Amino acid sequence: MHNKIKYSLILIIVVFFSYLFTAMYSFHQLHKGIYFNNKQLIENYVDWQSVRGNVKNYINIEILKKSQSEEIFKQLGDVGILLSGFAGKFVEIAIDTYLNSDGISLLLEKSQKKDEIPKPSIITLLGSFTVMDNNGLNSFYINYENEGEEYPVYFTRDGLRWKITNIEFPKDLFEKIK
């Protein structure tokens, strides 16, 4: 009886550390994909359908808010609604076309911040635990920081692999882009 409890406890500990390690490993692989601009690694650790849907929803909501708050859209009436619809459709087409591993690879090539990314190593693998925040049993997020703004990037478990499924943007992102 004592051995069964001991083996059960060991099994629970092994499962817990394996579960944690798969999250750390997936995050590390994505880090390597970004650092080395490896399209295949990026493709393997991003759920593009979910991310594209998330970005489309965010932008369409922002377009709708703008069209409801801007006086010119109110004056245009139905034409303003039509223009908002066209803008939303254009954004969706652009997101479907460019938000993929090839598009990210192109952005990484042109990025001036690529030198700020630390080289992947055993230290970054083990250190990934410190930047991961638990968001439930099958999800965690990291806060990507850029110019003082934080963008939570959510990972969801997909078998033994964890993939990016959602990116949150600040509510005033369009105002800052102006």
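Residues numbered from 1 in each chain as written. Predicted model: local features only at pLDDT ≥ 70, side-chain atom pairs only at ≥ 80, totals over all residues. Heavy atoms only, no water.

1. So, the overall build of the protein chain
Operational definition: In this text, helices come from DSSP runs of H or I with a minimum length of four residues, and strands from runs of E with a minimum of two, each type numbered from the N-terminal end. Here a residue-residue contact requires only that any non-hydrogen atoms of the pair lie within 4.5 Å. Only the protein chains shown count as cover for residues, and the accessible areas themselves come from Shrake-Rupley with a 1.4 Å probe.
Check the secondary structure of the protein chain and you find 8 helices and 4 strands. Along the chain direction, N to C, the helices and strands of the protein chain fall in the order α-α-α-α-α-α-α-β-β-β-β-α. Restricting the contact set of the protein chain to residue pairs at least 6 apart, pairs at least 24 apart contribute 57%. Surface summary for the protein chain: the accessible area is close to 12300 Å², and the carbon and sulfur share equals 61%.

2. Things to note about the pairing of strand 4 (residues 161-167)
This is how the line gets drawn: Each pair of strands is called paired provided DSSP finds at least two bridges between the two strands.
Two elements, strand 3 (residues 149-158) and strand 4, share 6 bridges in a ladder whose sense is antiparallel. Across the sheet, the residue bridging to Asp 158 is Arg 161, located in strand 4. Counting the residues between successive antiparallel strands, the hairpin from strand 3 to strand 4 contains 2 residues, one of them, Gly 159, with a positive phi of roughly 75 degrees.

3. Structural notes on the sheet that holds strand 2 (residues 139-146)
Within a sheet, adjacent strands bond to each other through the backbone by hydrogen bonds, running parallel or antiparallel. Overall, antiparallel pairing links the 4 strands, which are arranged 1-2-3-4 in an open sheet. On the outer flanks of this sheet lie strand 1 (133-134) and strand 4, each paired with one strand and no other. In this structure, strand 2 lies alongside strand 3, joined through 8 bridges in antiparallel fashion. Paired with Ser 139 across the two strands is Thr 156, which belongs to strand 3.

4. Some words on the packing of aromatic side chains
Keep this limit in mind: Think of it this way: a Phe, Tyr or Trp ring, Trp meaning its six-membered ring, pairs with another when their centres are within 6.5 Å, and the plane angle makes it stacked under 30 degrees, edge-to-face over 60, tilted otherwise. Lysine and arginine charges are scored as sitting over a ring when NZ or CZ, respectively, is within 6 Å of the ring centre and within 35 degrees of the ring normal.
The tally for this structure, following the rule as stated, stands at 11 aromatic pairs. Within the aromatic cluster, the residues linked to one another by ring pairs are Tyr 19, Phe 27, Phe 140, Phe 155 and Trp 162. For Arg 161, the ring lying beneath its charged end belongs to Tyr 45, and the centroid distance is 5.0 Å.

5. Thoughts on the pattern of salt bridges
Heads up, the condition is: One side-chain nitrogen of Lys or Arg within 4 Å of one carboxyl oxygen of Asp or Glu is enough to make a salt bridge.
All told, the structure shown has 4 salt bridges when counted by the stated rule. Salt-bridge contacts for Lys 39 lead to Asp 102; the nearest nitrogen and oxygen are separated by 3.4 Å. Here Lys 39, found in helix 2 (residues 39-44), pairs with Asp 102, found in helix 6 (residues 101-110); they are 63 residues apart in sequence, far enough to count as distant. Across the pair Lys 56 and Asp 96 runs a salt bridge, and its minimum N-O distance is 2.7 Å.

6. Some points on the confidence of the model for the protein chain
Selection rule: Note: pLDDT gives the predictor's confidence per residue, expressed from 0 to 100.
Counting all residues, the mean pLDDT for the protein chain is 85, and 88% of those residues have values of 70 or more. Taking the mean pLDDT of every element in the protein chain, the minimum, 58, falls on helix 8 (residues 173-177) and the maximum, 95, on strand 4.

7. Topic: unusual backbone geometry
Its identity is not glycine, yet Asn 37 carries a phi of approximately 50 degrees, on the positive side. In this fold, Asn 37 is placed in the loop between helix 1 (2-35) and helix 2.

8. Here we look at helix 6
Two residues of an α-helix separated by three or four positions point the same way, owing to the 3.6 residues in each turn. To keep things clear, this is the line we draw: Only protein chains enter the area calculation, which uses a 1.4 Å probe; residues under 20% of their type maximum are buried, those over 50% are exposed, and those in between are partly exposed. Two N or O atoms count as a polar contact when they lie within 3.5 Å, although within protein this holds only if one can serve as hydrogen donor and the other as acceptor, and sequence-adjacent residues are included solely when both atoms are side-chain atoms.
Every buried residue belonging to helix 6 is among Ser 101, Gly 103, Ser 105 and Leu 108, and all of these are buried. The N-cap residue of helix 6 is Asn 100: its side-chain oxygen and the backbone nitrogen of Asp 102 are 3.0 Å apart.

9. Structural notes on the packing of helix 1 against helix 7 (residues 122-131)
Heads up, the rule is: For helices, the fitted line uses only the C-alpha atoms of the stretch in contact; every axis is such a line through C-alpha atoms, and the angle between N-to-C directions lies from 0 to 180 degrees. Small angles under 35 degrees read as roughly parallel and large ones over 145 as roughly antiparallel, with 65 to 115 read as roughly perpendicular and the rest as oblique.
Running from N to C, helix 1 and helix 7 cross one another at 110 degrees; their axes reach a closest spacing of 9 Å. With respect to helix 7, the element helix 1 is oriented roughly perpendicular. Of the residues in helix 7, those touching helix 1 at Leu 20, Phe 21, Met 24, Tyr 25, Phe 27, His 28 and His 31 are Thr 124, Leu 125, Leu 126, Ser 128, Phe 129 and Val 131.

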